[in-house]
Protein chains: 2
Amino acid sequence: MGLSSLRVEDTVGQGTLAAVAEPKYWHLRTVLLRTMDTEFSTGQVLPNERELSARFGVARATLRQALDQLELEGRLVRRRGIGTLVAAPRVGIPVGGRQSGRAAAAHAAQEWKVVDCTTGPATAALARTLGLAEGDQVHTVRRLRTVQGVAVAAESLHVPSAALPHLAVVVDGGDRARGVLRQLERLGVDGESRSVELGVAEAAEAALLERPPGTPVLVVTTQYAAAGRLAAVAVSTYRADTCKLTFGESGAAVQVASAVPVSAAAVS
Amino acid sequence: MGLSSLRVEDTVGQGTLAAVAEPKYWHLRTVLLRTMDTEFSTGQVLPNERELSARFGVARATLRQALDQLELEGRLVRRRGIGTLVAAPRVGIPVGGRQSGRAAAAHAAQEWKVVDCTTGPATAALARTLGLAEGDQVHTVRRLRTVQGVAVAAESLHVPSAALPHLAVVVDGGDRARGVLRQLERLGVDGESRSVELGVAEAAEAALLERPPGTPVLVVTTQYAAAGRLAAVAVSTYRADTCKLTFGESGAAVQVASAVPVSAAAVS
DNA sequence: TAGTGGTCTAGACCACATT
DNA sequence: ATGTGGTCTAGACCACTAA
């Protein structure tokens with residue numbers, strides 16, 4: 001019957017008791033999820049919001065609350081002026097593996113594209129994480145990571161200028177970025193330490209990622225150590241809607257049908 | 001002046017032109033963020049929503065949209081019947097490092113608490129990721145990870161029963177969990193491969209995490225390899241509001257003031 | 001009992017993309 | 001011009017916590 005004309009009340013009491021009084025939007029999400037899995041395929045557009053809210057007998061705001069959840073799970077993509085589409089499964093994005101230094105560098109050069117490079121005093125927060133005094137000069141390289149043409153992450157790489165004594169100061173923005181990256185590579189990175197947390201994209205990153213401000217992102221903070229000291233910090237924001245970050249020793253892992261992810265929901 | 005009686009219109013045009021027409025809720029988020037950073041401290045309760053919406057001259061729904069963003073960023077905690085509190089910085093949670101097998105096992109035993117253990121046929125999705133046929137028997141151990149008394153993650157560890165031939169079938173739930181974990185340890189895990197993505201907690205996990213359904217979580221999927229074959233898959237859901245997942249070689253990393261995280265916003 | 005956040009409604013208007 | 005999702009309003013009632 002698909003997205004039928006059922007009202008929410010009709011589907012809420014599978015048994016005789018409504019029991020715990022599940023919120024409407026949550027129940028709606030479940031119904032939509034089941035419908036999408038069984039009767040829709042990737043890229044297909046759902047009926048519009050006014051239509052859906054009418055069919056389920058709820059206000060549009062309530063329906064939107066359900067769609068918000070599904071979008072957060074990466075199951076939906078909403079495009080203004082177009083409609084609501086069933087999303088493709090998330091792409092697995094390798095994040096810093098255990099590749100050898102050379103391979104990693106070549107890899108990075110391929111996938112990351114420098115946006116700009118600035119040098120200025122460290123903010124208080126940045127100074128803390130880099131172990132500097134507030135106001136110390138820091139090079140910041142902004143880069144964009146694209147996979148098959150689509151932007152998946154924006155990164156700010158912060159390097160204390162004190163760590164790169166051989167960098168000519170006179171070079172301009174475009175060349176300076178290359179200089180910073182080259183010198184950092186020459187330092188020889190001993191180890192990397194990463195953290196992942198949830199965040200939202202500010203205006204600047206959002207623009208680079210071609211998403212509206214407030215878009216949920218996975219914030220990956222990487223600390224690069226060289227010669228026992230913290231040489232650089234990179235803050236990368238990955239689009240949470242389309243990205244699944246993958247870690248692991250390259251090749252050592254057993255790859256079995258990684259294309260179809262097991263969601264926590266599907267398993268339980 | 002703090003959370004003054006300013007209306008949103010009064011703070012929108014710092015220059016002469018409102019320019020890009022930023023949504024009210026987004027601007028509101030920025031104002032609240034600045035206010036929290038400068039005039040509030042961890043654990044402090046903000047004025048209630050009706051009060052705040054009146055002060056800023058917006059509808060309560062609009063204010064709530066701004067609070068939703070801040071909550072997603074882990075800056076706010078909202079408690080029904082209590083109020084809205086300024087959240088503590090996220091806790092760094094070590095996720096599978098490069099500790100030696102013995103240390104890791106001891107560590108796991110300490111922090112993870114078994115909830116229950118079931119055995120049954122694999123769902124289609126699970127069978128795919130484990131490389132089994134649909135319906136093959138799989139042991140599932142549900143565990144809860146707590147840090148200093150608070151639940152931070154719920155996990156489902158799936159092990160094909162074919163991989164544990166020496167497991168007595170007669171043992172009941174509580175003992176079976178121990179048996180599965182012990183046998184898995186004996187197998188000797190060669191490597192681990194992980195992925196991290198954004199998800200929402202279903203009813204079951206939400207209850208374990210002491211959060212309402214729909215709570216955003218970081219879903220960590222770990223594939224355990226033994227003797228070149230995929231021996232087990234663990235799906236762990238970490239509370240995104242309070243957790244920052246940390247990866248890395250234990251001790252190798254340079255630890256500088258990790259207590260105060262650098263948000264993407266603060267740096268840029 | 002009073003106060004809080006959570007849910008829900010029925011509208012309105014706007015920004016954007018297509019035709 | 002039309003149709004889409006995005007924003008915003010002004011209310012209402014509910015569920016929970018505390019005094």
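Residue positions are counted from 1 within each chain, in the order its sequence is given. As they are written, the chains are lettered A onward and the ligands numbered 1 onward, keeping that order. Given that this is a predicted model, residues contribute local features only at a pLDDT of at least 70 and side-chain atom pairs are listed and counted only at 80 or more, while totals for whole chains, interfaces and linings are drawn from all residues. Side-chain measures here rest on the full set of heavy atoms in the structure, leaving out hydrogens and waters.

## Focus on the confidence of the model for chain A
Residue and element names in this part refer to chain A.
Turning to step 1, where the next piece is worked out: Per-residue confidence for chain A gives a mean pLDDT of 83; residues scoring 70 or more make up 77%.
Turning to step 2, where the next piece is worked out: Contacts of residues 12-18 to residues separated by more than four positions or lying in other chains number one contact, the stretch itself having pLDDT below 50.
Turning to step 3, where the next piece is worked out: Taken together, the stretch residues 251-268 has pLDDT below 50 and engages in 35 contacts with residues farther than four places along the chain or on a different chain. Each residue gets a pLDDT score, which is the predictor's confidence in that residue and runs from 0 to 100. Contacts between residues were defined by any pair of non-hydrogen atoms, one from each residue, lying within 4.5 Å.

## Quick look at the protein's contact with DNA strand D
Turning to step 1, where the next piece is worked out: Being near a molecule or strand, for a residue, means having at least one of its heavy atoms within 4 Å of it. In the region of DNA strand D, 25 residues are neighbours, and Asn48(A), Arg64(A), Lys24(B), Ala59(B) and Thr62(B) sit closest.
Turning to step 2, where the next piece is worked out: What you see for DNA strand D is that sugar and phosphate hold 68% of its atoms within 4 Å of the protein.
Turning to step 3, where the next piece is worked out: Note that a phosphate oxygen of DNA strand D is positioned 2.9 Å from one of the backbone N or O atoms of Glu49(A).
Turning to step 4, where the next piece is worked out: Separating a phosphate oxygen of DNA strand D from a side-chain N or O atom of Tyr25(B) is a distance of 3.0 Å.
Turning to step 5, where the next piece is worked out: The helix count covers DSSP runs of H or I at least four residues long, the strand count covers runs of E at least two residues long, and both are numbered beginning at the N terminus. Elements with a contribution of two residues or more to the surface near DNA strand D: helix H3 (49-56), helix H4 (60-72), strand E1 (76-79) and strand E2 (83-86) of chain A together with helix H2 (24-39) and helix H4 (60-72) of chain B.
Turning to step 6, where the next piece is worked out: No other element matches H4(B), which puts four residues into the surface near DNA strand D.
Turning to step 7, where the next piece is worked out: Ten residues, namely Ala, Val, Leu, Ile, Met, Phe, Trp, Tyr, Cys and Pro, are considered nonpolar, four, namely Asp, Glu, Lys and Arg, are considered charged, and the remaining ones, Gly among them, are considered polar. The class makeup of the residues in the surface near DNA strand D is seven nonpolar, seven polar and eleven charged. By the criterion applied in these results, polar contacts are pairs of N or O atoms within 3.5 Å in which, for protein atoms, one can donate a hydrogen and the other can accept it, and in which residues neighboring in sequence qualify only through two side-chain atoms.

## Describing the protein's contact with DNA strand C
Turning to step 1, where the next piece is worked out: Lys24(A), Ala59(A), Thr62(A), Asn48(B) and Arg64(B) are the nearest of the 25 residues found near DNA strand C.
Turning to step 2, where the next piece is worked out: Atoms of DNA strand C within 4 Å of the protein: sugar and phosphate make up 67%, bases the balance.
Turning to step 3, where the next piece is worked out: In this structure, a base oxygen belonging to DNA strand C sits 3.2 Å away from a main-chain N or O atom of Gly81(B).
Turning to step 4, where the next piece is worked out: When contributions to the surface near DNA strand C are tallied by element, the ones reaching two or more residues are helix H2 (24-39) and H4 of chain A together with helix H3 (49-56), H4, strand E1 (76-79) and strand E2 (83-86) of chain B.
Turning to step 5, where the next piece is worked out: Here the surface near DNA strand C is built from residues that sort into seven nonpolar, seven polar and eleven charged.

## Some remarks on the pattern of salt bridges
Residue and element names in this part refer to chain A.
Turning to step 1, where the next piece is worked out: Should a side-chain nitrogen of Lys or Arg be within 4 Å of a carboxyl oxygen of Asp or Glu, the pair is scored as a salt bridge. One pass over the full model with this rule turns up 32 salt bridges over all chains.
Turning to step 2, where the next piece is worked out: The salt bridge partner of Arg78 is Glu49, with a shortest N-O separation of 3.4 Å. With Arg78 in strand E1 and Glu49 in helix H3, this pair connects stretches of sequence that are 29 residues apart. Pair check on accessibility: Arg78 and Glu49 agree, each one buried.
Turning to step 3, where the next piece is worked out: Here the salt bridges do not stand alone but share partners, grouping Glu49, Arg60, Arg64, Asp68, Glu71 and Arg78 into one network. Think of it in three bands: with a 1.4 Å probe and only protein chains considered, a residue is buried below 20% of the maximum accessible area for its type, exposed above 50%, and partly exposed in between.

## Description of the nonpolar core
Turning to step 1, where the next piece is worked out: Among buried residues, those of type Ala, Val, Leu, Ile, Met, Phe, Trp, Tyr and Cys that are joined through side-chain atoms within 4.5 Å constitute a nonpolar core. Among the nonpolar cores identified, the biggest contains 38 residues, and Val196(A), Tyr238(A), Leu245(A), Val196(B), Tyr238(B) and Leu245(B) are the most heavily contacted of them.
Turning to step 2, where the next piece is worked out: Other than its neighbours up to four places away in sequence, Leu245(B) contacts Arg194(A), Ser195(A), Val196(A), Ile93(B), Val95(B), Val196(B), Leu218(B), Val220(B) and Tyr238(B).
Turning to step 3, where the next piece is worked out: Within the second largest apolar cluster, 17 residues are counted, among which are Leu126(A), Ala154(A), Val217(A) and Val219(A).

## Quick notes on the side chain of Arg239(A)
Turning to step 1, where the next piece is worked out: For Arg239(A), the position within the fold is in strand E9 (residues 229-239).
Turning to step 2, where the next piece is worked out: Those residues in contact with Arg239(A), other than ones at most four positions away along the chain, are Ala151(A), Val152(A), Leu209(A), Glu210(A), Arg211(A), Pro216(A) and Val217(A).

## Observations regarding the sheet that holds strand E4 (residues 112-121) of chain A
Turning to step 1, where the next piece is worked out: Read from one edge to the other, the open sheet built from eight strands follows the order E4(A)-E5(A)-E6(A)-E9(A)-E8(A)-E7(A)-E10(B)-E3(B), with strand pairing classed as mixed. The open sheet is flanked by E4 of chain A together with strand E3 (91-94) of chain B, the only strands paired with a single partner. Ignoring strand direction, the axes of neighbouring strands in this sheet form an average angle of 20 degrees.
Turning to step 2, where the next piece is worked out: Strand pairing is assigned whenever DSSP identifies at least 2 bridges connecting the two strands. Relative to strand E8 (residues 216-226) of chain A, strand E7 (residues 191-200) of chain A is paired through ten bridges, and the arrangement is antiparallel. Bridging from a neighbouring strand, Ser195(A) pairs with Thr221(A) of E8(A). Axis definition: a line fitted to C-alpha atoms, over the contacting stretch in the case of helices. Angles run 0 to 180 degrees between N-to-C directions.

## Here we look at the pairing of strand E9 (residues 229-239) of chain B
Put simply, side chains in a regular strand alternate between the two faces of the sheet.
Residue and element names in this part refer to chain B.
Turning to step 1, where the next piece is worked out: Within E9, ten of the eleven residues are buried, leaving the element largely enclosed by the surrounding structure.
Turning to step 2, where the next piece is worked out: Where strand E6 (residues 150-160) meets E9, six bridges bridge the pair, whose relative direction is antiparallel. Paired with Ala153 across the bridge in E9 is Tyr238.
Turning to step 3, where the next piece is worked out: Sheet topology places strand E8 (residues 216-226) next to E9; ten bridges connect them, and they run antiparallel. Across the sheet, residue Gln223 finds its bridge partner in E9, namely Val233.
Turning to step 4, where the next piece is worked out: Here E8 hands over to E9 after two residues, with Ala227 in that stretch at a positive phi of 55 degrees.

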